[in-house]
Every structure is written in C-alpha cells, then in structure tokens.
Amino acid sequence: MYPRSTRRASVPRRKWEGFAVCGIVGLHLSDPSLEPDLGRLLTPMLTAMTSRGPDSAGVAVYTAPVPAGRLRFSLRTTQAGFDWTALAVHLRESPLGPVEINDWGNCATLVGAGDAPAMIAALHAFAPDLAVVGYGRALEVFKDVGTPAQICERHGIGSVQGYQAVGHTRMATESAVTTEHSHPFAPAADLCLVHNGSFSNHATLRRRLEDLGVRCETDNDSEVAARFVAHHLDQGDDLGDALRRVLKDFDGFYTLLVSTRDEFAVVRDPFACKPLVVAETAGYVAVASEYHALAGLPGIDSARVFEPMPEEVHVWSR
Amino acid sequence: MVTLSCTQSSVREINRALRSQPPGAHVTIVEPRGAHNLAVGLRSDLHITVEGNAGYYLGGLSEGIDVTVNGSVGWGVAENLMAGVVRVNGNASEAAAASAHGGTVIVSGDASLRAGISLKGGTLVVAGDVGNVCAFMAQAGTILVGGNAGEALGDSLYETVIYVHGTVRGLGADARIEELTEADVKVVSELVEQSGFDHIDPQEVTRVASARQLYNFDALKSQRY
C-alpha cells in the first residue's frame, strides 16, 4: 500500500541495533470521576518518556462508545487542505449513508456505518492516501512524527476525556520514522497494541498470517504482533490466550501493552529485556516503561507498584 | 545537613551539588520521583539519604559513598560500584549491583532478574528473593540471598560465591552446590551482622559456586566443529 520510497526511507537504524528503546504508557480507569482528567493525566506520562522515544509518538484513547451499529474511524491524510466536507457529502450519497466528521487539519474522526471493511474500502476509494489509523466504538487513535510534547499539543491530548488510554514514544530501530510505522497499531475494532522491543522472526510470522488471509500494511514488526493478536481474538481467543500465543510464537525482545474496549493487558518476553512498571490503585491501573512516568499520578505513593515477571500475562477488565 | 529536591533541581545539578560537599557531609535527596543516575560517579565519604523511589543506576560508579534509599530503585542500582555502601529499604529492579568492583549493596526487599550480573568483587545482600539468572557470569565477590533464588542461578559463574537461605529453583550452566565450610559460615555471619537481616541462619545457607568446567574452551571435546 505504501510507496517503495516510503518503505526505504530510514533513520540510520543500525546505530541503535541492540538498543531498541521505546516508551510505553497506559491508563485503565476504574474510578469514573477520573475520566474527565484522562488526557491531563496521560500527557505528562507520555512526555516523561521522550528520552525513550523522541522521533514519533501515538496515543489511543477509549471514550464513550458510539451507538451499537456505528463505528468511529480515526483518519489521517498527508494532503494539505484535504476537503473533509467533500468526503462527508460523498459518503452520505453512498450506500454507507450519513457520517459525522470532526477534523483538525490532516486528522479527523468519522462516525459512520458499522460495516468496517465497506467503510475502509470507501475511504480508500475516495482518497487513496487516507489512512485509517484505528477504529471501533470507543477507540480513537492519534499518531504522528515529532516529540511527544509536540504531538500532545498538536492533537489536544491534554483535554481528552475517556476511561482508558495507551501511549507510545518511538525510537525507531526496525523500520522507517513515518506515521505509518509509529504506534499504536489498531488493526481491529477497539483493539490497540504498543510494543517496546524488536521481534526477530516477524517476517516468518507475517508470511504465516498472509497464508491465513491476514495482510499487513507496513514492514513494521509490531504491526505483525497486532494483526496476530487481532486474528486470534477473531478466532475466539480471549486476550490472555492470544498473548500466551505471542509468547509461544514470537521471538525477540518485547514488552507489549494491548487493550480492547473492556480489557487492558501486558506481557514481557522470557528474559524481561524491556522494562515495565505497573501501579494499581482503587481508581486506576497505570503502566509505564519507567517509574518516573508514573510519579505524578494521584495516589501513587499508596499504589501497589510492581514489575511483571517474564512471560506473565496480566489482564485487567472493566 | 543539606537537602536537595528533584522537583527543584535537575539530576545534573544535584550530582554537581553532591560533588561540591565537604568530606563526611550528610545530604538528603527528597522527591526523587524515579529520577535516574542520582549520586553517580562520586569519590568521597558522603552520607546520602534518598527519601522515595529512585530510578536507574543509583550510586553507580561511586567510590566510598554511603547511600540509603527509603524506597525502591530501578535497573542497575550501584552498577560498577567501586567502594562504599548502597542500602535500599525497598525492592531493586533488574541488574542490581551489576559489575560492582567493590563495596556492599544491601536490599531489604527483593531484587529482580540478573542481580549481581558480572559482579567483579563487590558484595550483594538481598533480604528477600532474587529473580532468574542471578550472578550471571559473576567473576568475583559474594552474593547472599535471604529468600529464594529463581532459575539459572549462577549461570556461567567464575569466582563469585553465592549463598542462598531459601530454595534454588534452578542452577545455571557450570554452577554447582558445594559443601558449606566454617569459612563460609563466618562470611555469612558477617554479612548478616552488617545488613541486619537476622532471619538468615548462617549455618543454613546453600553455597553455590563454579564447577569451573567452562573456564577453558576444549576444542577436542566434540569433534563436530
């Protein structure tokens, strides 16, 4: 899908080989009174991880779900001055029917018919470069290149409300610094995955997924894990089972944070090569690559703080 | 008594202020908020107290300091310590006391994976459990574990000796359990006294040391090369 030139554009990635650093943060709220503050709590967590990932960042937030039968699509275009109104008019006159679009320049959310494959095909037919960076009833995805602080400001993350959020700061080691290659990867409804590390057998697993009819859009290793998890959830696994399959099939270094509409889960590779700290309170579960990203959260001093051990799958549900 | 706060000063400013203290000074660092690299590379007999959780490499590369952390620490506490004491009244994350040449690192809680990796002569005392691959390729020095040890304890061990008060889930390559001697009991007794971890009975620890079968590469061992 992406032009060859985009795939080959690259930071001097060998420099960082064996030093795959990215930052992961996440918040899963159980106290509804914290929901108006989701973005305000998440922004300093993400910017604290700038040292682990200065070249691109992404955020996924879970907000009040749209009605059953509808889906919210997070869109991004590289065209300056993209005509979102024309897109809305085009879709209204198509069999997909009316949509509501909220845009801020090159990004937008679109709420429309709940037939995801048909909507994604219609969006690509209207504008081939229009990327669907995530979709679902509750999920909204923002991803961009630049420092985490720049990205939070550009997308107004600080004022976002919701019940769950995931963020990632990327220091690319494995593929190009582009929005397509930045995390989170959100290949199925309300599913979102962020990864710190690198997989060594992702090409093999990508081919195996292709044989099952699952196609990746980029050459990024983390996308393979996201589509692998999506495929197994689709086949009936619960999130914990899908992550135990990751432990069995994927080789490499990884800390993964995976979320669905109701669940929030982490797993680390057999050697726990990549860090992760979890803080649990009555009001929230917060995770971050390093503790200092959690240090400003309310009630952190009385939280249960721990590091998941290798190969442990932790799942929290709402 | 000098007090420094991580909310008011950067790590570099704090380390610079520590370096400018007269010998024997007492300094308290408050609100560490998980900051990395606190009290690193110091060469004096400073007494430093950290009130709260610190980040990576606390006290690393230092020679002669006496640090107490009232909280937990991140990866690589006292990495490459040369001399002095680093005491953690909490848990230590991965690679505690990695490559420490000298000094003593005392952890009152648990230490995570790879504690004492590549130890080069320092001493590590952990009151609780240690994670997998403790003392990986450790070359010299002593490790005392007051709780249980995880998998692959002492993998590819050189001359470091490990004492475990609890259970050993698994030994690494070339690590073996050896008979406890009177000299061992004396070493452990001294460490118990220094750390105050008196739940450890020096007569009841397991000694783990190298079988020294990996010291030399034997090209004729298998003719398949």
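Residues numbered from 1 in each chain as written. Chains lettered and ligands numbered in written order. Predicted model: local features only at pLDDT ≥ 70, side-chain atom pairs only at ≥ 80, totals over all residues.

Q: Teacher, can you tell me more about the overall build of chain B here?
A: Across its full length, chain B holds 2 helices and 11 strands. Tracing chain B from N to C terminus, the helices and strands come up as β-α-β-β-β-β-β-β-β-β-β-α-β. Here the C-alpha atoms of chain B give a radius of gyration of 18 Å, agreeing with the 17 Å that 2.2 N^0.38 yields for 225 residues. Here the C-alpha coordinates of chain B stretch approximately 60 × 45 × 25 Å along the principal axes. Scored against the burial criterion, the 225 residues of chain B give a buried share of 52%. Restricting the contact set of chain B to residue pairs at least 6 apart, pairs at least 24 apart contribute 22%. (Helix = DSSP H or I, 4+ residues; strand = E, 2+ residues; numbered from the N terminus. Rg over C-alpha atoms; globule rule 2.2 N^0.38 Å. Buried ≥ 20, exposed ≤ 12 C-beta atoms within 10 Å, placed from the backbone. Contact = placed C-beta atoms within 7 Å.)

Q: I would appreciate a short explanation of the domain arrangement of chain A in the present structure.
A: How big an interface is tends to be expressed through the accessible area that disappears when the partners come together. All names here are of chain A. Looking at the assigned domains, one finds that chain A contains domain 1 (4-65 + 144-317) and domain 2 (66-137). Spacing between the C-alpha centres of domain 1 and domain 2 amounts to 24 Å. Tallying the contact residues gives 10 residues for domain 1 and 11 residues for domain 2. By residue class, the composition of the side of domain 1 that touches domain 2 is 5 nonpolar, 2 polar and 3 charged. (Domains from an automatic or database assignment. Nonpolar A, V, L, I, M, F, W, Y, C, P; charged D, E, K, R; others polar.)

Q: Please explain the sheet that holds strand β7 (residues 120-126) of chain B as it appears in this structure.
A: Note on sheets: strands pair through backbone hydrogen bonds, and any given pair is parallel or antiparallel. All names here are of chain B. Pairing in this open sheet of 11 strands is mixed, and the strands run β1-β2-β3-β4-β5-β6-β7-β8-β9-β11-β10 from one edge to the other. Both outer strands of the open sheet, β1 (2-5) and β10 (175-178), are each paired with one neighbouring strand and no more. The mean angle between the axes of side-by-side strands here comes to 15°, regardless of whether they run parallel or antiparallel. (Pairing = 2+ DSSP bridges. Axes fitted to C-alpha atoms, helices over the stretch in contact; angles between N-to-C directions.)

Q: Can you help me understand the pairing of strand β8 (residues 164-170) of chain A in this one?
A: Each regular strand carries side chains that alternate between the two faces of the sheet. Residue and element names in this part refer to chain A. Across the 7 residues of β8, 7 count as buried, placing the element largely inside the fold. Both faces of β8 are covered, namely the face carrying Gln-164, Val-166, His-168 and Arg-170 and the face carrying Ala-165, Gly-167 and Thr-169. With 7 bridges joining them, strand β2 (residues 56-62) and β8 adopt antiparallel strand pairing. Counted as the bridge partner of Ala-57 is Thr-169 from β8.

Q: Please explain the sheet that holds strand β6 (residues 131-136) of chain A as it appears in this structure.
A: Residue and element names in this part refer to chain A. Reading across from one edge, β4-β5-β3-β6 is the order of the 4 strands in this open sheet, with antiparallel pairing throughout. Pairing within the sheet leaves two strands with one partner each, and these edge strands are β4 (100-104) and β6. Direction aside, neighbouring strands of the sheet carry axes that sit 20° apart on average. With 5 bridges connecting them, β4 and strand β5 (residues 107-113) associate as antiparallel partners. Paired with Glu-100 across the two strands is Val-111, which belongs to β5. Taken strand by strand, helix α3 (residues 84-92) contacts β4 and β5, and its axis lies near 165° from that of β4.

Q: Where do I start with the pairing of strand β9 (residues 192-199) of chain A in this structure?
A: Residues and elements named next belong to chain A. Counting buried residues in β9 gives 8 out of 8 residues, a clear majority hidden from the surface. Summarising the sheet, β9 and strand β10 (residues 252-259) pair through 8 bridges and their orientation is antiparallel. Its bridge partner lying in β10, Asn-196 is registered against Thr-255.

Q: Would you take a moment to explain the packing of helix α6 (residues 202-211) of chain A against helix α7 (residues 221-234) of chain A for this structure?
A: Packed helices, taken two at a time, are described by the angle between their axes plus the distance between the axes. All names here are of chain A. Relative to each other, α6 and α7 sit at 40°, their axes nearing to 9 Å. With respect to α7, the element α6 is oriented oblique. Considering how the two elements wind past one another, α6 and α7 form a crossing that is left-handed. Where α6 abuts α7, its residues His-202, Leu-205, Arg-206 and Leu-209 lie against Asp-221, Val-224, Arg-227, Phe-228 and His-231. (Parallel < 35°, antiparallel > 145°, perpendicular 65-115°, else oblique. Left-handed = near helix turned anticlockwise from the far one by under 90°.)

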